[in-house]
Amino acid sequence: MLVRADRVGFARLIAYARDPDNTDQRALACILSHRCNCPDTPYRQALGLDEAELRAVLAEYFPVLAADWPDGGCLRHRLGLACHHEAPPPGHGRFSASLLEQEEQDLCRLFLTHAADSGIWPVVFARSIARACMEPQHLWMSLGLEGRAQLSAILVRHFPALVARNDHDMRWKKFFYKLLCDEEKVWTCKASSCEICPHHSECYVTSPPGNAPAVVPPEG
Ligand code: SF4
């Protein structure tokens, strides 16, 4: 569910879309209405696309807006919205920027090696999802999406081979990091298996076989 400020941004953005019913254009409008491309935005809360990438996707799918944004800068300000990412989130300083950048690059590489094609959309979503993974809350919330289903639909459309690997319905961010841990052969889990782990409901959408369904929060 979009918060009020994001709904205003979304309405302004989608009015510029080449096809307001297109699922990718709607998802990008959600993301752009929640996150911020300006250089002063704290690292974790920023969009994750560089200006050339953002300009390319806007020129293709939001051409009037792209033409009306000749000097770049903060897109939120161009849309008449407050730049609401001025205060770093709690815990922002716990990790060094270089560590976050390395994680983000690893995630981006993971997405793009599973991309459905070499078009602009996988790049846009790989970069924005990788950056949003740096934030602590549910991934779909960090992206400004309406729910987990919208995030899952993006992944199915653009990274189907990655989705196919999540055959136990792990929460998306947990799943991406597990793949990176598997690649590096570095595991931090304390339990010997997920089935007996007390944190199962934090990592998976569904309960392990034989267990009563756990009460879990909306998933990220
Ligand atoms: S359920 Fe437990 S063991 Fe499995 S990935 Fe999560 S924390 Fe690790």
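Computed from a predicted model, the values in this text were never measured in an experiment.

Caption draft 1: Main features of the site of the ligand. Neighbouring the ligand are Met170, Cys189, Cys194, Cys197, His200, Cys203 and Tyr204. By residue class, the composition of the shell around the ligand is six nonpolar, one polar and no charged.

Caption draft 2: Representation of the packing of helix α3 (residues 51–61) against helix α7 (residues 120–132). One can describe the packing of α3 onto α7 by two numbers: an axis separation of 10 Å at closest approach and a directional angle of 130°. Between α3 and α7, the angle is such that the two are oblique. Seen from above, α3 lies across α7 with left-handed handedness. Residues Glu53, Ala56, Val57 and Tyr61 of α3 pack against Ile120, Trp121, Val123, Val124 and Arg127 of α7. Split by residue class, the contact of α3 with α7 holds seven nonpolar, no polar and two charged.

Caption draft 3: Region of the structure containing the packing of aromatic side chains. Inspection of the entire model under this criterion finds seven aromatic pairs. When the ring of Tyr61 is compared with that of Trp121, the centres are 4.8 Å apart and the planes differ by 35°; the resulting orientation is tilted. Of the two residues, Tyr61 sits in helix α3 while Trp121 sits in helix α7, which places them 60 residues apart along the sequence. Overall, the relative accessible area of 8% leaves Trp121 in the buried class. Seen from their ring centres, Trp121 and Phe125 are 5.4 Å apart, and the 15° between their planes marks the pair as stacked. Taken as a pair, Trp121 and Phe125 lie in helix α7 at a separation of four residues, close to a single helical turn. Residues Trp121 and Phe125 agree in their burial class; the two are buried. Grouping aromatic residues by their ring pairs yields a cluster made of Phe111, Phe159, Trp172, Phe175 and Phe176. Here the basic side chain of Arg131 rests over the ring of Tyr43, its NZ or CZ set 3.9 Å away from the ring centre.

Caption draft 4: Spatial organisation of α3. Those residues of α3 lying buried are Glu53, Leu54, Val57, Leu58 and Tyr61. Down the axis, α3 shows its buried residues gathered within 125° of arc, on one side only. Buried residues belonging to α3 abut α2 (23–34), α4 (63–67), α5 (75–78) and α7. The N-terminus of α3 is capped by Asp50, whose side-chain oxygen sits 3.1 Å from the backbone nitrogen of Ala52.

Caption draft 5: Highlighting unusual backbone geometry. The phi dihedral of Asp169 is positive, around 55°, even though this residue is not glycine. Tracing the backbone shows Asp169 in the loop between α10 (160–165) and α11 (172–184). Even without being glycine, Lys185 reaches a positive phi, approximately 55°. Overall, the relative accessible area of 61% leaves Lys185 in the exposed class.

The rules behind the values
- Residues numbered from 1 in each chain as written.
- Predicted model: local features only at pLDDT ≥ 70, side-chain atom pairs only at ≥ 80, totals over all residues.
- Heavy atoms only, no water.
- Near = heavy atom within 4 Å.
- Nonpolar A, V, L, I, M, F, W, Y, C, P; charged D, E, K, R; others polar.
- Axes fitted to C-alpha atoms, helices over the stretch in contact; angles between N-to-C directions.
- Helix = DSSP H or I, 4+ residues; strand = E, 2+ residues; numbered from the N terminus.
- Parallel < 35°, antiparallel > 145°, perpendicular 65-115°, else oblique.
- Left-handed = near helix turned anticlockwise from the far one by under 90°.
- Contact = heavy atoms within 4.5 Å.
- Phe/Tyr/Trp six-rings, centres within 6.5 Å; stacked < 30°, edge-to-face > 60°.
- Buried < 20%, exposed > 50% of the residue type's maximum accessible area, 1.4 Å probe, protein only.
- Lys NZ or Arg CZ within 6 Å of the ring centre and 35° of its normal.
- Arc of directions from axis to C-beta.
- Polar contact = N/O pair within 3.5 Å; in protein donor to acceptor, adjacent residues only side chain to side chain.

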